[in-house]
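Residue-level structural notes
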Amino acid sequence: MAQFTFYGHSCFTLSDGIHTLLFDPFLTGNPQAQVPESDVSANYILLWHGHQDHLGDALPIAKRCGATIISTYELAVYCERRGAKIHGMGIGGSFKFPFGRVKVTRAFHSSSIMTPNGAEYLGNPCGFLVRLDEKTFYFTGDTGLFGDMALIGQLYKPDVVILPIGDNYTMGIDDAIEAIKMLKPKVAIPVHYNTFPVIMQDPYVFAKKLGRTARAVILKPGETFPL
Ligand code: NI
Ligand code: MN
């Protein structure tokens, strides 16, 4: 059984006991994080865009663990230039890694990093479909609601969907409910809320509104859940 460990915001690991995949390692400066980046290890780091609350500690962790960063091409090259091992991909593409197949999906957001000279653009933001331990996980990434989620649901039948509910920068609760109706997973895990004042949300309202559409799994930072 895969183990999902939540670190707060949209940082978590997914492990099949052999391979550990780390998503959006925002630990330093994350008010929800209970552990420093030095306590988190991974074999692969998946990044869905370059904003600081996602790229976070990816570079130090990748270098310490010898982990491969999987992301869209521009963000992957940005990391490679800073000494990380990478695997660049593009939206719609998939690749079979030792743990299973990863497919890159569209996300409606932006992807940049702020420099003293302004925003440096880092290609398209994305989401990921990950096949691990005979299950399909869909990480929507930071995104607004979009109708092609129905197609993703129909074609890839995700067992578990991890999606933002914070509003302001991404979907809020009501749009996340619509996303789950289209994707039809068994389990929905809300992320990207309560980290900053503008994304304060009650995840139990999400669970209540979801009703019997899917099972909402609400985790506190530091909690592990078998999936
Ligand atoms: Ni973002
Ligand atoms: Mn974000």
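The sections below set out a description of the structure shown in this document. Every chain's residues receive numbers from 1 upward, in the order its sequence appears when written. For this description, chains carry letters from A and ligands carry numbers from 1, given in the order in which they are written. In view of the model being predicted, local features appear only for residues whose pLDDT reaches at least 70, and side-chain atom pairs are presented and counted only at 80 or more, with totals across whole chains, interfaces and linings using the full set of residues. Just so you know, side-chain values use all the structure's heavy atoms and leave hydrogens and water out.

Things to note about the packing of aromatic side chains
Side-chain rings of Phe, Tyr and Trp (the six-membered ring for Trp) are treated as a pair once their centres are within 6.5 Å; stacked means planes under 30 degrees apart, edge-to-face means over 60, and tilted covers the remaining angles. In total, this model carries 14 aromatic pairs according to the counting rule given. Aromatic pair F108 and F146: ring centres 5.2 Å apart, planes at 55 degrees, arrangement tilted. Within this pair, whereas F108 is found in the loop between β8 (100–106) and β9 (112–115), its partner F146 is found in the loop between β12 (135–139) and α4 (149–156), the two being separated by 38 residues in sequence. Joined through ring pairs, the aromatic side chains of F4, F12, F23, W48, F137 and F139 make up one cluster. Every helix listed is a DSSP run of H or I at least four residues long, and every strand listed is a run of E at least two residues long, numbered separately from the N terminus.

Examining the coordination of the manganese ion (ligand 2)
In an ideal octahedron of six donors the angles at the metal are 90 or 180 degrees, and in an ideal tetrahedron of four donors they are 109.5 degrees. Surrounding the manganese ion (ligand 2) are the protein donor atoms D53 (OD), H54 (NE2), D142 (OD) and H192 (NE2), at 2.0 to 2.4 Å. In this structure the nickel ion (ligand 1) is found 3.1 Å away from the manganese ion (ligand 2), and D142 serves as a bridging donor for the pair. Remark: H192 occurs in the loop between β14 (187–191) and α6 (203–210) and D53 occurs in helix α1 (residues 52–55); sequence separation between them is 139 residues. Counted as donors are the N, O and S atoms within 2.8 Å of the metal, or 3.2 Å for Na, K and Ca, while water is not among the atoms, so some sites may look incomplete.

Observations concerning the coordination of the nickel ion (ligand 1)
With distances of 2.1 to 2.7 Å, the protein atoms coordinating the nickel ion (ligand 1) are H49 (NE2), H51 (ND1), H109 (NE2) and D142 (OD). Mapping the donors of the nickel ion (ligand 1) onto the primary sequence gives the spacing H-x1-H-x57-H-x32-D.

Examining the nonpolar core
Ranked by size, the top nonpolar core spans 31 residues in total, and within it F128, V130 and F139 carry the most contacts. Counting residues in each nonpolar core, the second largest holds 22 residues, with I45, I61, A62 and I113 among its members. We call a set of buried Ala, Val, Leu, Ile, Met, Phe, Trp, Tyr and Cys residues a nonpolar core when their side-chain atoms join them within 4.5 Å. Here's how the labels work: a residue is buried when its accessible area is under 20% of the maximum for its type, exposed when over 50%, partly exposed in between, all with a 1.4 Å probe on protein chains only.

Here's the deal with the packing of helix α5 (residues 173–183) against α6
Geometrically, a packed helix pair is captured by the angle between its two axes and the distance between the axes. For every element, the axis is a line fit to its C-alpha atoms; helices are fit only across the contacting stretch, and the angle between N-to-C directions ranges from 0 to 180 degrees. At a closest axis distance of 10 Å, the pairing of α5 and α6 adopts a crossing angle of 40 degrees. It follows from the interaxial angle that α5 and α6 lie oblique. Remark: the crossing between α5 and α6 carries right-handed chirality. Of the residues in α6, those in contact with I173, D174, A176, I177 and I180 of α5 are V205, F206, K209 and L210. Residue composition of the contact of α5 with α6, grouped by class: seven nonpolar, no polar and two charged. If an angle is under 35 degrees, it is roughly parallel; if it is over 145, roughly antiparallel; if it lies from 65 to 115, roughly perpendicular; otherwise it is oblique. A crossing counts as left-handed when the near helix is turned anticlockwise from the far one by less than a right angle, and as right-handed when that turn is clockwise. Only heavy atoms matter for contacts: two residues are in contact if any of them lie within 4.5 Å across the pair. For this scheme, ten residues count as nonpolar: Ala, Val, Leu, Ile, Met, Phe, Trp, Tyr, Cys and Pro. Four count as charged, namely Asp, Glu, Lys and Arg, and the remainder, Gly too, count as polar.

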